[in-house]
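So the chains spell out like this:
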Amino acid sequence: MASPALAIYAFLYLYPSISNLLYSTTRWDGVTKPIQIGLRNFTYLLTNDDLFMKVLGNNFRFTLIVVIFQTSLALMFATFLVKNTKMTIFLRTLYFFPTILSSVSVGLIWNFLYDPNFGFINASLKFFGLDALAKNWLADPKLALYAIAVTQIWFHTGQMVIIYVAGLQQIPSDLYEAAQVDGASRWQQFKSVTWPMALPTTAVVVAYTTIQTFRAFDLVYSMAQPASLNGSDLLVNLVYNSAFVGYKFGYAAAQSIYLVILVLLVTWLQRRVLKNKTED
Amino acid sequence: MKVKGLKTFGAVATVALALLATSVPATFAAGEEFGTTCATEGVSTGNMTTSLICVKGSNGKLTWQRVRLGANSGAPVAALKAPKGTIEFHHWRPEDKVVLQSIIDKFQAANPGTFVNQVIMNSVDYTNLAYSKISVNKKAAVFVTSRGGQFDQFYNGGLLRDLSSDRYIKQNVIQSALTPATVNGKVYGVPYQSLFNNPIYNTELFAKKGYKVPTTWTGLLAFCKQVKGDGIIPFAWPAATRGNAGQILNSFMMNSAPLAEVKAHVAAIESGKEDLTTDWFKGIATKYKQMNDAGCFPANVAGYNDTVAPADFASGKAAVYPTGTFGMSTVTKLNPDMKGKMGIFGLITTDAKPYYEGITNNTFILSVNAKASATDQNIARAFISYLTTAQAAQEYAVGTSQHVSIINVDYADNIDLLNTSAIMGKKLLLAPRFLFTNVNNVRNPLEDALIAIGSGADINTTLTNTSKTIKQGIGA
């Protein structure tokens, strides 16, 4: 029974992964025969490629911001939407709605919102007399990454709300009843019942969000602007450019292996932290 | 000797046919009705298609005249006959789909049992993915490439069939336009479009406000101040859209130094031997900054994209749309009233005598997949030969508002093509921006740096950092 599944897995995942590993030790333009260069791509990336390091930094900042805000907002919304009423079901659907949109559409919509001259965001800020806060959001190298992070959070928070609601609905109601009998406030109920009991769900949400943000591509592809000077580029975009614009497939393969290692490392660290918390 | 004889014959025929230029019918003879666009004297030298050119008569009157110049090697030939079968035609112009389908329908009607299916991607995806897809698809028997890096890539991959001996190449195509598709004397494709990557301006607005087309750098900066003073955007430069924002780099490069020097600088930058901080490139960057300082660009230009820019131009909020003739169809779609109200001028960035007066580019290079089956290659050749007939090329040109590199095409049915044909009479340079063939590691970061500087970023810091990025990218 396992053989067909294994064959499909080997064909679709193992073979490409091993090929990628082999290509990462070559210089290959995708046309001529690959040239073996050992670990040069890996060492060059770490010692000579400032753009790679800059984008790596972008990735960490992007992931950190999105994980913190997306998880917090999702948990907050979920605590209000955990009961099944017509209104909460409607709101869950509403929050989930952005998730079903294509990411390029989301990018285009937010491009309009962020437009420095006609966009809704700057227009609103100016309407309230906050002209100094109206910025060139996607073109400013210092702001572009954060602007796209906000879009990413808007895009995926609803998805995490659903996961949290499912997790919170598994918490036995007698725990809340006992807390109420003890006179616990809503905040105390959250701190002593909801948060500890939601930790396993949080582990899933955080791990999923981390992977999702590390491999974020479409939003940056559709929203990044030239004047930001790579200020909003992420690793997957860099891999894409190296491979399909620069035709340095070996170099792109090495970049993607660093990406995989980083995702594994960060996810493992997160799971350790959350596991310890759960055991506490 | 025979070749030399043919060339001599071609030259004589060219001159003879040029002398046979005849006045156009009365409806077009009244050149004045096109306003200031009919102000260009003379016609281009060398081979060019049949067209209407604004010419000043001995009495000083400006009129549109039909000019017919022949090809080097005899009269145009009919399309080849295609064998039966089905092939794919890969290209990046979704906006041309309808017109191309109409041409394909006629080709199929002339060749029963032969079918050509369009496979279309947007230009960004096509730039990035076309090679990967076509190199493994033998049914992609006809495809297009852009001049420079993409054409080189397909050539290096052995995907381009040598078309040098096909008669339609010699007799239906303007020979000077074949340069971008020629390697070591062999022709590997037909650069179908003749683009003019120069600023388009609103002739009605210019006439109403009394603006003069700037012909010097000082004049250009003064023009910006004057137009901005009227509350109008001088140049709707789409800095947030890399591809079209980069078009003005052609104009900045063309008069930055003699062409040989420009080529040497480009080669040195591409090989990592020269920084962007040297005088030549810094001079170009400084002019971007000067344009920004003079108010040439709209507010927050770094975030000004190629959706807003043509809309501003089409609605009269901007005087100039500095991309090229290929943007005219977008403008007229946005505002049909703009039809016939667009002119073109070369962006002159020097106060000295310019080396060149404008930019041209021969691109949308139609090629035959050398890895397709022999039958499919023959269908592909027949299809390209059909596209190079005057009838098909004219339908494409008029329907898509693109000038083409095909002999005997008349632009009279598209007033915007007609009005911008005058640039053909100028001394033009083949778009030098595409001399940068390393797109990912050199051209993109270099153009991003200029966009940032044109939007107000510090010149020295930006060029120093970008130089480092370019050198590291080249070394990877």
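Calculation notes
- Residues numbered from 1 in each chain as written.
- Chains lettered and ligands numbered in written order.
- Predicted model: local features only at pLDDT ≥ 70, side-chain atom pairs only at ≥ 80, totals over all residues.
- Helix = DSSP H or I, 4+ residues; strand = E, 2+ residues; numbered from the N terminus.
- Buried ≥ 20, exposed ≤ 12 C-beta atoms within 10 Å, placed from the backbone.
- Contact = placed C-beta atoms within 7 Å.
- Pairing = 2+ DSSP bridges.
- Axes fitted to C-alpha atoms, helices over the stretch in contact; angles between N-to-C directions.
- Nonpolar A, V, L, I, M, F, W, Y, C, P; charged D, E, K, R; others polar.
- pLDDT = per-residue confidence, 0-100.
- Core = buried A, V, L, I, M, F, W, Y, C linked by C-beta atoms within 7 Å.
- Domains from an automatic or database assignment.

## Let's talk about the overall build of chain A
- When you go through chain A residue by residue, the secondary structure sums to 13 helices and 2 strands.
- The 280 residues of chain A split such that 37% are buried.
- A sequence separation of at least 24 residues applies to 72% of the contacts in chain A between residues at least 6 apart.

## Concerning the overall build of chain B
- Scanning chain B from terminus to terminus reveals 19 helices and 15 strands.
- A buried classification covers 53% of the 476 residues belonging to chain B.
- Within chain B, counting contacts between residues at least 6 apart in sequence, those at least 24 apart form 77% of the total.

## A short note on the sheet that holds strand β10 (residues 200-202) of chain B
Residue and element names in this part refer to chain B.
- What the 4 strands build is an open sheet, ordered β11-β12-β10-β13; its pairing is mixed. Each of the sheet's edge strands pairs with one partner strand only, and the pair in question is β11 (233-235) and β13 (342-344). Sheet twist, expressed as the mean angle between neighbouring strand axes with direction ignored, is 25°.
- Strand direction decides the pairing type here: β11 and strand β12 (residues 318-321), joined by 2 bridges, are parallel. Its bridge partner lying in β12, Phe-235 is registered against Val-320.

## So, the pairing of strand β6 (residues 142-145) of chain B
All names here are of chain B.
- A two-sided burial pattern is seen for β6, the buried positions comprising Val-142 and Val-144 on one face and Phe-143 and Thr-145 on the other.
- Examined bridge by bridge, strand β4 (residues 85-91) and β6 share 2 bridges and lie parallel to one another. Considered in β6, the bridge of Phe-89 is made with Val-142.
- Strand direction decides the pairing type here: β6 and strand β14 (residues 358-368), joined by 4 bridges, are antiparallel. Within β14, the position partnered with Thr-145 by the bridge is Ile-365.

## Details of the interface of chain B and chain A
- Each partner contributes residues to the interface: chain B has 27 residues there, and chain A has 24 residues.
- It is helix α18 (residues 439-454) of chain B that contributes the most residues to the side of chain B that touches chain A, 7 residues altogether.
- Across the side of chain B that touches chain A, the residue classes break down as 10 nonpolar, 13 polar and 4 charged.

## Section: the confidence of the model for chain A
- Across chain A, the average pLDDT comes to 93, with 98% of residues at or above 70.
- Helix α2 (residues 40-47) of chain A holds the highest mean pLDDT among the elements of chain A, 97, whereas helix α13 (residues 249-279) of chain A holds the lowest, 87.

## Thoughts on the environment of A:Ile89
- Along the polypeptide, A:Ile89 turns up in helix α4 (residues 86-96).
- Taking the C-alpha atoms as reference points, A:Ile89 and A:Tyr208, 119 residues apart in sequence, are found 23 Å from one another.

## Thoughts on the nonpolar core
- A:Val161, A:Tyr164, B:Ala236, B:Trp237 and B:Ala239 are the most contacted members of the largest nonpolar core, which has 129 residues in total.
- Here the element with the most residues in this core is helix α3 (residues 50-81) of chain A; it accounts for 12 residues.
- Two domains each donate at least three residues to this core, and these are domain 2 (85-195 + 362-424) and domain 3 (206-345 + 438-475) of chain B.
- Setting aside chain neighbours within four positions, we find B:Ala236 in contact with B:Pro298, B:Ala309, B:Asp312, B:Phe313, B:Ala318, B:Val320 and B:Tyr321.
- One finds B:Leu159, B:Leu178, B:Val404 and B:Tyr411 within the second-largest nonpolar core, a separate group that totals 58 residues.

## Remarks on helix α10 (residues 247-254) of chain B
Residues and elements named next belong to chain B.
- Among the 8 residues of α10, 8 are classified as buried, and the element is accordingly described as predominantly covered.
- By the burial criterion, the buried members of α10 are Gln-247, Ile-248, Leu-249, Asn-250, Ser-251, Phe-252, Met-253 and Met-254.
- Contacts made by the buried residues of α10 are with α9 (242-245), α11 (259-270), α12 (279-293), β14, β15 (428-430) and α18.

## Details of the domain arrangement of chain B
Residues and elements named next belong to chain B.
- Domain annotation for chain B reports domain 1 (2-67), domain 2 (85-195 + 362-424) and domain 3 (206-345 + 438-475).
- Once you take the C-alpha centre of each, domain 2 and domain 3 turn out to be 29 Å apart.
- At the junction of the two partners, domain 2 supplies 12 residues and domain 3 supplies 12 residues.
- Across the side of domain 2 that touches domain 3, the residue classes break down as 3 nonpolar, 7 polar and 2 charged.

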